[in-house]
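Descriptive analysis of the structure
One letter stands for each residue in the lines below.
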Amino acid sequence: MHLAPRWRSPLLHATLWLTLVVLAGCASGPPKSDGPEAKPPADLASVPDSEPRLEPIRTGGPNKSYEVLGRDYVPMTDDRPFSERGLASWYGRKFHGRRTASGEVYDMYAMTAAHPTLPIPSYVRVRNPANAREVVVRVNDRGPFHAGRVIDLSYTAALKLGLLKGVSPVELTRITFDDIRTGAWRKGAPAEAPSADRVNTAVALVKPPPEIAPIDDAPPPVTARPARGFWVQLGAFRQRDGADSFQRRVVGDLDWLAPMLAVFSDASVYRLQAGPYASRDEAQSAAQRVRDALQLVPVIVERR
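Residues numbered from 1 in each chain as written. Predicted model: local features only at pLDDT ≥ 70, side-chain atom pairs only at ≥ 80, totals over all residues. Heavy atoms only, no water.

Some words on the overall build of the protein
Summing up its helical and strand segments, the protein has five helices and 13 strands in all. Residue burial in the protein is summarised as follows: out of 304 residues, 49% are buried. Within the protein, residue pairs in contact and separated by at least 24 positions form 77% of the contacts whose partners lie at least 6 positions apart. Roughly 14600 Å² of accessible area belongs to the protein as shown, and the carbon and sulfur atoms make up 52% of that amount. (Helix = DSSP H or I, 4+ residues; strand = E, 2+ residues; numbered from the N terminus. Buried < 20%, exposed > 50% of the residue type's maximum accessible area, 1.4 Å probe, protein only. Contact = heavy atoms within 4.5 Å. Areas by Shrake-Rupley, 256 points an atom, 1.4 Å probe, with all protein chains shown as cover.)

So this is what it looks like as structure tokens:
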């Protein structure tokens, strides 16, 4: 099978080196010299989990195929569900401050992780079945490369899961774009939000694409709820086919917006929206780019 060009980074080899040291020195966990700093930050157990957000999946860089110890690895480059069980290890101060496979600096006190093949970036929920603890981490590095191990956790993530004493079994589940858009990744997330949406329509549509329905100031309650935050509404359609067709057009013209797009139904209307954005300013900036490219002015929808 033909593979894409091999990809390597200093930290990938550093992570591999750490795994080999673990094998040679202590089969139950990282060597003592790779623990926390002499005075680690206080109250690390209270560090918040990573907050999943929509980030485009790169097709190159850390998501290229690569080889370690004679084994080929082909990272995922699409958005799809993924679950796995296996052993988790962690890496600490020997790599603190070094570059990860993503190019970001490794912070052992942040909620991050390394995985051999998940897309970079990705968000995963990791569960320790021994104590039922769970964390959400952001995958921004490659590794581990030891048989049976499925994830390398940051020091803080391992601490919160109770895994600092050694390599332990875990269960992990990737958080998909749909999980993020709808808020389904949150534990105990309600099927429907309790409050109504607030819609701002400061500017009328310019050259609206065909089949777009009028946009009301007070839309009816939705039946499939997006996540909380600010959304950019590009159009409303009487038929789902119209929404899907327009979404394909938008993806073709604005590939940077593709991961953010979703169609939500409001009874008899299907709304194409992009989001969620953390602030109104971010949503307005995206709306401006859409207006310049497609010659229409979207509306900003705030979901609470």
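Brief notes about unusual backbone geometry
In this structure, the amide linkage connecting Gly143 to the following residue, Pro144, adopts the cis form with an omega of -10°. Its place among the elements puts Pro144 in the loop between strand S6 (133-141) and strand S7 (149-154). Between Gly275 and Pro276 the backbone carries a cis peptide bond, its omega angle lying at 0°. Position of Pro276 relative to the elements: it lies in strand S12 (residues 269-277). In the Ramachandran plot, Asp43 falls in the positive-phi region, its phi being about 55° despite a non-glycine side chain. Structurally, Asp43 can be placed in the loop between helix H1 (10-25) and strand S1 (66-68). Its identity as a non-glycine residue notwithstanding, Gln295 has a phi of 60°, on the positive side. For Gln295, the location among the structural elements is in the loop between helix H5 (280-294) and strand S13 (299-303).

Describing the sheet that holds strand S3 (residues 83-91)
One closed barrel holds the six strands; their spatial order is S3-S7-S4-S6-S5-S8, and the pairing between them is mixed. If you compare each strand with its neighbour and ignore which way they point, the axes differ by 45° on average. Inspection of the sheet shows strand S5 (residues 122-128) paired to S6 by seven bridges, in the antiparallel sense. Within S6, the position partnered with Asn128 by the bridge is Arg133. (Pairing = 2+ DSSP bridges. Axes fitted to C-alpha atoms, helices over the stretch in contact; angles between N-to-C directions.)

A look at the environment of Gly235
Looking at where Gly235 falls in the secondary structure, it is placed in strand S10 (residues 229-237). For Gly235, a relative accessible area of 0% corresponds to the buried category. The spacing of Gly235 and Gln273 is 38 residues in sequence and 7.4 Å in space, taken between C-alpha atoms.

Description of the pattern of salt bridges
Any two side chains of opposite charge can pair, so long as their charged atoms come close to each other. Under the defined criterion, the tally for this structure stands at 14 salt bridges. In this structure, Arg85 engages Glu171 in a salt bridge whose closest nitrogen and oxygen atoms are separated by 3.9 Å. Residue Arg85 is found in strand S3, and its partner Glu171 is found in strand S8 (residues 168-174); the two are separated by 86 residues along the sequence. The exposure class assigned to Arg85 is exposed, which follows from its relative accessible area of 69%. What makes Glu171 partly exposed here is its relative accessible area of 24%. Residues joined in a network through salt bridges with shared partners are Arg85, Arg125, Arg127, Glu134 and Glu171. (Salt bridge = Lys/Arg side-chain N within 4 Å of Asp/Glu carboxyl O.)

What about the pairing of S8?
Side-chain alternation along S8 places Ser168, Val170, Leu172 and Arg174 on a buried face and Pro169, Glu171 and Thr173 on a face that remains uncovered. Note that S3 and S8 share six bridges and pair antiparallel. Paired with Arg85 across the two strands is Glu171, which belongs to S8. Two elements, S5 and S8, share four bridges in a ladder whose sense is antiparallel. Bridge pairing in S8 places Arg125 opposite Thr173.

Thoughts on helix H4 (residues 240-253)
Over its 14 residues, H4 extends 20 Å from the first C-alpha to the last, a length consistent with the 20 Å expected when each residue adds 1.5 Å. Along H4, the residues that are buried comprise Gly242, Ala243, Phe246 and Val250. Projected down its long axis, H4 shows its buried positions confined to an angular sector of 95°, all on one face. Those residues of H4 that are exposed and angled more than 90 degrees off the buried face are Asp241, Arg248 and Gly252. Elements in contact with the buried residues of H4: S10, strand S11 (261-266), S12 and H5. (Expected span 1.5 Å × (residues − 1). Arc of directions from axis to C-beta.)

Focus on the confidence of the model for the protein
Per-chain confidence: the protein averages 77 in pLDDT, with 75% of residues scoring 70 or above. A low-confidence stretch, residues 1-33 (pLDDT under 50), is modelled with 68 contacts involving residues beyond four sequence positions or located in other chains. (pLDDT = per-residue confidence, 0-100.)

Description of the packing of aromatic side chains
For the structure on display, the rule yields nine aromatic pairs. Aromatic side chains Tyr66 and Phe145 sit 6.0 Å apart centroid to centroid with 80° between the ring planes, which places their arrangement in the edge-to-face category. Note that Tyr66 is positioned in strand S1 and Phe145 in the loop between S6 and S7, a separation of 79 residues in sequence. Of the two residues, Tyr66 and Phe145, both sit in the buried class. (Phe/Tyr/Trp six-rings, centres within 6.5 Å; stacked < 30°, edge-to-face > 60°.)

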